[in-house]
Amino acid sequence: MPVRKPLVAGNWKMNGSSSSAKILLDGILTQAKSFQSADVALFPPSVYLQQVQAALSGSAISWGTQNLSQFKHGAYTGEISAPMLNDFGCKYVLIGHSERRCLYAEIGLDQLVLDYIIAEKYSMASQEGIIPIICIGESPEEHAQGKTEEVIARLLDIVIEQNGVSALSQAVLAYEPVWAIGTGKSATPEWAQDVHSFMRERIRKHDPVTADKIQILYGGSVKGDNAAPLFSMPDIDGGLIGGASLDADEFVKICQAASFNL
């Protein structure tokens, strides 16, 4: 079985201030030696990118943003381009997070159109040398209807169709069941493993090497006390962490769990 280095990605969402960010960053950095075997990345609101870059430069912790535009430049008020992310040394970017999907859905775009937009954003990030973390997951309604695999297969197939399977070797996938995000309801390790295995096998049909290499993260109410069982599963390569990433000690526990399960 191939060994993939675990990755823990901390998504701060729209939380924090300059002062709270400093406290959080200091708390994580002072304990960074305890999770050296895992890759760790932080995703602050973009207004704090410069502060995060200054704090993390020279450390082993990477950073990125929570979204980017599929366009390189132009009249797209409020958007952030991939070249701008490079100005701040971003290694990663989150693409297709369920909360972004909800915002776009409010302006009348259906899920299939959103999948194609995500594929375009993925392509833009890759062209600029930024690693996209592509978020995939089913809504509570889709989960209840047993459509988990259908939802995941649809987006994976579109990304592969638009960009080629080999491009996935420079990407990360994150399974984030929407019914578990911020609800306190985490998928069982066995359920998450089954979904991750399905994702990997879907890619394997196109390219076994890419399937073995790609990191697949789990996101959905991961905390310090449930991280280890999740990360011990063979196809779960770390976590996309929301609320728990705002507490330095809790986030460090999750990073340690990933590091110890290598």
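Anything mentioned here points back to the structure above.
Residues numbered from 1 in each chain as written. Predicted model: local features only at pLDDT ≥ 70, side-chain atom pairs only at ≥ 80, totals over all residues. Heavy atoms only, no water.

### So, the packing of helix 1 (residues 18-29) against helix 2 (residues 49-56)
Where helix 1 meets helix 2, the axes come as close as 11 Å, and the angle between the chain directions of the two elements is 25 degrees. Taken together, helix 1 and helix 2 sit at an angle that is classed as roughly parallel. Read as a crossing pair, helix 1 and helix 2 show a hand that is right-handed. Counted together, Ser18, Ala21, Lys22, Leu25 and Leu29 of helix 1 and Gln51, Val52, Ala55 and Leu56 of helix 2 form the full contact between these two elements. The residue makeup of the contact of helix 1 with helix 2, split by class, is six nonpolar, two polar and one charged. (Axes fitted to C-alpha atoms, helices over the stretch in contact; angles between N-to-C directions. Helix = DSSP H or I, 4+ residues; strand = E, 2+ residues; numbered from the N terminus. Parallel < 35°, antiparallel > 145°, perpendicular 65-115°, else oblique. Left-handed = near helix turned anticlockwise from the far one by under 90°. Contact = heavy atoms within 4.5 Å. Nonpolar A, V, L, I, M, F, W, Y, C, P; charged D, E, K, R; others polar.)

### Digging into the packing of aromatic side chains
Summed over all chains, the structure comprises three aromatic pairs. With a centroid separation of 6.4 Å and an interplanar angle of 55 degrees, the aromatic rings of phenylalanine 43 and tyrosine 92 are classed as tilted. Taken together, the residues phenylalanine 43 in strand 2 (residues 39-43) and tyrosine 92 in strand 4 (residues 92-95) connect sequence positions 49 residues apart. Each member of the pair, phenylalanine 43 as well as tyrosine 92, is classed as buried. Measuring from ring centre to ring centre gives 6.2 Å for tyrosine 175 and tyrosine 218, while their planes differ by 50 degrees; the resulting arrangement is tilted. One end of the pair, tyrosine 175, is in strand 6 (residues 172-175); the other, tyrosine 218, is in strand 7 (residues 215-218), and 43 residues separate them in sequence. The exposure classification of tyrosine 175 matches that of tyrosine 218, with both residues buried. (Phe/Tyr/Trp six-rings, centres within 6.5 Å; stacked < 30°, edge-to-face > 60°. Buried < 20%, exposed > 50% of the residue type's maximum accessible area, 1.4 Å probe, protein only.)

### Description of helix 2
For helix 2, the set of buried residues is Leu49, Val52 and Leu56. Summarising the axial view, the buried residues of helix 2 lie within an arc of 65 degrees, below the 170-degree limit, and thus occupy one face. Residues of helix 2 that are exposed and point over 90 degrees away from its buried face: Gln50 and Ala54. Of the residues trailing helix 2, glycine 58 is marked for its positive phi of about 90 degrees. (Arc of directions from axis to C-beta.)

### Digging into the pattern of salt bridges
Applying the stated criterion across every chain, the model contains twelve salt bridges. Among the ionic pairs, arginine 154 bridges to aspartate 115, the shortest N-O distance being 2.5 Å. Taken together, the residues arginine 154 in helix 7 (residues 148-163) and aspartate 115 in helix 5 (residues 111-127) connect sequence positions 39 residues apart. Residue arginine 154 is classed as partly exposed on the basis of its relative accessible area of 25%. When salt bridges that share partners are traced, they join Arg4, Arg200, Asp235 and Asp237 into one network. (Salt bridge = Lys/Arg side-chain N within 4 Å of Asp/Glu carboxyl O.)

### Here we look at the packing of helix 1 against helix 11 (residues 248-260)
Running from N to C, helix 1 and helix 11 point in directions that differ by 35 degrees, and their axes come no closer than 9 Å. Helix 11 is crossed by helix 1, and the crossing has right-handed handedness. Contact residues: helix 1 offers Leu24, Gly27 and Ile28, while helix 11 offers Ala248, Phe251 and Val252. Here the contact of helix 1 with helix 11 is built from residues that sort into five nonpolar, one polar and no charged.

### Looking at helix 1
Three- or four-residue spacings in an α-helix give side chains the same orientation, since the helix completes a turn every 3.6 residues. Spanning twelve residues, helix 1 covers 16 Å between terminal C-alpha atoms, matching the ideal 16 Å at 1.5 Å per step. All of the buried residues along helix 1 are Ala21, Leu24, Leu25, Gly27 and Ile28. All buried residues of helix 1 project into a common sector of 160 degrees when viewed along the axis, lining one side. In helix 1, the exposed residues that point more than 90 degrees away from the buried face are Ser19 and Ile23. Elements that come into contact with the buried residues of helix 1 comprise strand 2, helix 2 and helix 11. (Expected span 1.5 Å × (residues − 1).)

### Observations concerning the environment of methionine 199
As for its position among the elements, methionine 199 is in helix 8 (residues 189-204). Look at methionine 199 and you get buried, because its relative accessible area is 0%. Note: C-alpha distance between methionine 199 and isoleucine 117 (82 residues apart in sequence) is 20 Å. Those residues in contact with methionine 199 that sit more than four places away from it in its chain are Ile136, Ile152, Leu156, Leu173, Tyr175 and Ile216.

### Some remarks on the nonpolar core
Grouped together as the largest cluster of nonpolar side chains are 68 residues, with contacts concentrated most on Ile134, Leu168, Leu173, Met199, Tyr218 and Phe231. What leucine 173 contacts, discounting residues up to four positions off in sequence, is Ile134, Ile136, Leu156, Met199, Ile203, Ile214, Gln215, Ile216 and Leu217. (Core = buried A, V, L, I, M, F, W, Y, C linked by side-chain atoms within 4.5 Å.)

Geometric descriptors of this kind do not, in isolation, establish any biological role.
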